[in-house]
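Structural overview for review
Read off the chains here:
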Amino acid sequence: MAFITKIKWVVLSVITLSLASIIIHLSLAKFWAVNIVQYKAMPSLPENFVPTSGGQVIKNKKLWGSIQSLEALQPYANARSNYSAPKDQSNRFIYAKVFGGFANIRSSICDLVAVARFLNATLIIPEIQESTRSKGISSMFNSFSYIYNVDQFIAYLKNDVNIARTLPEGLMERRRKNEIPSFKTTSSASPDFYLDQILPKLKQSKVIGLIITNGGALQSILPPGMEDIQRLRCRVAFHALEFRPEIQRLGRRMVHKLRAYGQPFLVYHPGLLRDTLAYNGCGELFQDVHTELIQHRRAQMIKDKILKGELNVNSHLQRDKGLCPLMPEEVGILLRVMGYPAKTIIYVAGSETFGGQRVLIPLRAMFTNTVDHTSLCSERELSELFGPETSLIPKSYRAPPAKSQKVLTDEWKRAGPRPRPLPPPPDRPIYQHEKEGWYAWITETPIEPDPSPLDLRMRAHRLLWDALDYIVSLEADAFFPGFNNDASGWPDFSSLVMGHRLYETAASRTYRPDRKVVAELFNITRENMYHPKHNWTILVQEHLNRSLAEEGLIRQSLLSKPAVFLSHPLPECSCRIASSKVVNHVRGQNGRYLYGDEDQCPKWMQRANMAGSVLKEGTKSEDDEPDYESNDFVDESDKSEGKTNQSQIWDQDEEMDPND
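Because the structure is a prediction, the values reported are computed rather than measured.

What the five strands build is an open sheet, ordered β10-β9-β8-β11-β12; its pairing is parallel. The sheet terminates laterally at β10 (370–371) and β12 (509–510), the two strands that pair on one side only. Relative to β12, strand β11 (residues 478–481) runs parallel, the two being bridged by two bridges. Counted as the bridge partner of F479 is T510 from β12. Contacting β8 (265–269), β9 (345–348) and β10, helix α8 (residues 245–259) runs over the sheet at an angle of about 155° to β9.

Here we come to the pattern of salt bridges. A complete count under the given rule lists 24 salt bridges for this structure. Note that R319 is salt-bridged to D320, the shortest N-O span being 3.2 Å. Exposure remark for D320: the relative accessible area of 28% places this residue in the partly exposed category. Linking R364 and D372 is a salt bridge whose minimum nitrogen-to-oxygen distance equals 3.9 Å. Given the relative accessible area of 10%, D372 is considered buried. Among the charged side chains, a salt-bridge network with shared partners connects R80, D228, R231 and D599.

Turning next to the state of the cysteines. Under the defined criterion, the tally for this structure stands at three disulfides. Here C234 pairs with C573 through a disulfide, and the sulfurs are 1.9 Å apart. Across the disulfide from C234 to C573, rotation about the S-S bond amounts to roughly 85°, and the bridge is consequently right-handed. With C234 in helix α7 (residues 227–240) and C573 in the loop between α22 (550–559) and β13 (574–576), this pair connects stretches of sequence that are 339 residues apart. C234 sits in the buried class, given a relative accessible area of 0%. Taking the relative accessible area as the measure of exposure, C573 reaches 0% and is therefore buried. Shown here for the chain is a disulfide pattern of 1-4, 2-3, 5-6, where each number marks a bonded cysteine counted in sequence order.

The interhelical angle for the contact between α8 and helix α15 (residues 379–386), taken along N-to-C directions, is 155°, at an axis separation of 10 Å. Our classification of the angle between α8 and α15 gives roughly antiparallel. In terms of crossing hand, the pair formed by α8 and α15 is left-handed. Between α8, through E246, I247, L250, R253 and K257, and α15, the contact on the second element is made entirely by E381, L382 and L385.

Glancing now at the confidence of the model for the chain. In low-pLDDT regions, the fine details of the predicted coordinates are not to be read closely. Averaged over the chain, the pLDDT score is 82; the fraction of residues at 70 or greater is 79%. Ranking the elements of the chain by mean pLDDT puts helix α24 (residues 647–652) last with 36 and β8 first with 97. Here residues 633–660 scores under 50 on pLDDT; set against residues more than four positions off or in separate chains, the count is 55 contacts.

Locating L376 in the fold gives a position in helix α14 (residues 373–376). In sequence terms L376 and L258 are 118 residues apart; their C-alpha atoms lie 8.4 Å from each other.

Bringing the side chain of T122 into the picture now. Tracing the backbone shows T122 in strand β3 (residues 122–124). Overall, T122 belongs to the buried group, its relative accessible area being 6%. Sequence-distant contacts of T122, that is, excluding residues within four places in its chain, are made with S90, R92, F93, I94, N162, I163 and A164.

Now for the sheet that holds strand β1 (residues 73–75). Across the sheet, which stays open at both edges, the three strands sit in the order β1-β13-β16 with mixed pairing between neighbours. Two strands close off the open sheet at either side, each with one partner strand: β1 and β16 (599–600). As judged from the three bridges shared by β1 and β13, these two strands associate in the antiparallel manner. Note on β13: the bridge partner recorded for P75 is S574.

In this section: a nonpolar patch on the surface. Taken together, the side chains of I7, V11, I15, L19, I22 and L26 define a hydrophobic patch exposed on the protein surface, amounting to about 550 Å² of accessible area. Examined against the element boundaries, I15 turns out to sit in helix α1 (residues 2–31). Exposure remark for I15: the relative accessible area of 45% places this residue in the partly exposed category.

Criteria and cut-off values
- Residues numbered from 1 in each chain as written.
- Predicted model: local features only at pLDDT ≥ 70, side-chain atom pairs only at ≥ 80, totals over all residues.
- Heavy atoms only, no water.
- Pairing = 2+ DSSP bridges.
- Helix = DSSP H or I, 4+ residues; strand = E, 2+ residues; numbered from the N terminus.
- Contact = heavy atoms within 4.5 Å.
- Axes fitted to C-alpha atoms, helices over the stretch in contact; angles between N-to-C directions.
- Salt bridge = Lys/Arg side-chain N within 4 Å of Asp/Glu carboxyl O.
- Buried < 20%, exposed > 50% of the residue type's maximum accessible area, 1.4 Å probe, protein only.
- Disulfide = S-S within 2.5 Å.
- Parallel < 35°, antiparallel > 145°, perpendicular 65-115°, else oblique.
- Left-handed = near helix turned anticlockwise from the far one by under 90°.
- pLDDT = per-residue confidence, 0-100.
- Patch = residues over 30% accessible without salt bridge, like charges linked within 9 Å, V, L, I, M, F, W, Y side chains within 5 Å.
- Areas by Shrake-Rupley, 256 points an atom, 1.4 Å probe, with all protein chains shown as cover.

Written out as structure tokens, the structure reads:
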């Protein structure tokens, strides 16, 4: 009897402890609960996000402050010496057709002006093929004026090159009859190529045509003695290439809306483009049909000899090498580790994000105030920017004619390996939503169809969206690239923005993350990504903080400048304010200066800088009372593990080959 009583007490104790455990767990779950909100496109910033300072921007210096070691760098792209104005009349003409997107166009135009300068020829306003009348744009514009201000372009460069709107009538007639020699140039073309091969043809025929398809017509790093040609590139990119007034007004209006909330904002450019992902073999980072689309594009690049490599590559190894873009969720984690709170305003730049809004959902979950140009511009404002356009009928899906089972079986046996999905299992219908959209063709045919008139017009519209994003990116308090330093050597949006910000305000917060180092850091804490150890957060903070300053610039000079000069216009297009601080002079293995070889600024610029410094000292600092929440990514229990030396990872990658 006593034994049975003991058993009853044991059972009762177990039940009591179980109930207590359930109550404790429910209490903790309620205390630590996170509100999960179903994603929806945010038309604007939330209503409860109100200005905190009457329109005055309050900045936390640790997150938004300028980089003191770079404050001595100032923009100075004027010609230095022995630089004469062009002759009033030139009987040699160069016209050009420029293919590609926003970044390719901007880089190509700068190269064209430089080529026209040292060939002593008159440059005809370049023809941007993405925005010609045949692409369905408004009749108010021609190809160049669809994006840029033609009058500003001609007036600003009058002391550098002769620029004409069109060819003389006699030469125009020769062009109509295809009697003018044309050359397809590359971004690796040297000045000797133009002087030895192009100049004789130019003297003979008086006019030549250039076709630019890969984002450039001149090599990035020029021989010694041609520094003024490099500065001319800077004057074109940073002064002469102004957007047309309508774009500038709408861009300034977008910046004003972001500033009106009294908080700084960060611009993030994902860099998730289909061509980029295909070239670098990053298809496995996506799923289902998107992987097939990337692989199909990669196969086409191999066929067109744009790419030398295998069709199937390990995307995770490519990511570990730093060749793939950072995914939005990874960027969100990096920003939270740096201390940016969930209410930070993040502007997502870029007219195209492969994968659509779905890939941005994790970022929006971490930062609720994530916006883009559709959040800040109304449909009416965008339509006014496009101008009056003729209506186009959308290309609707048409079902292919039915095939017999025998024909389908024979076609499949003859098909062989190709980047296409397997056929559906028997009795499984292909639903309509799988066939609609711009990727519908991949479920039916291995051949990508030609773009419809509506697709061509959309490409032209993307140029305007990129122009608006470019304006916002330059004005941002911080900029974070998801992808730059592409091994292909093509210009990319992030690199051009980073170069422009370096030129205008070198001390502004422009992150230059090493994606290879970031991949190693994420691999370290892959199983604890959302609750990393304290020493891991220190590693991330040290790496990103160092990327803001000299180390980031040195790495950019090594990897980015050899591909695109405008991504890193130092030291040619900047000068340095004299100061008591010792400047580090860093040379590369080939003797080229990577950092510290800037000219000293003129005296008038130094006086203006001193006056600006006096005014700056009188401004209020908000560093002591920042309106930001603490970093919730730090595991307080692991603080005792100490600080790890980030330089170990940097040293391993210091001599990284851009083509690795």
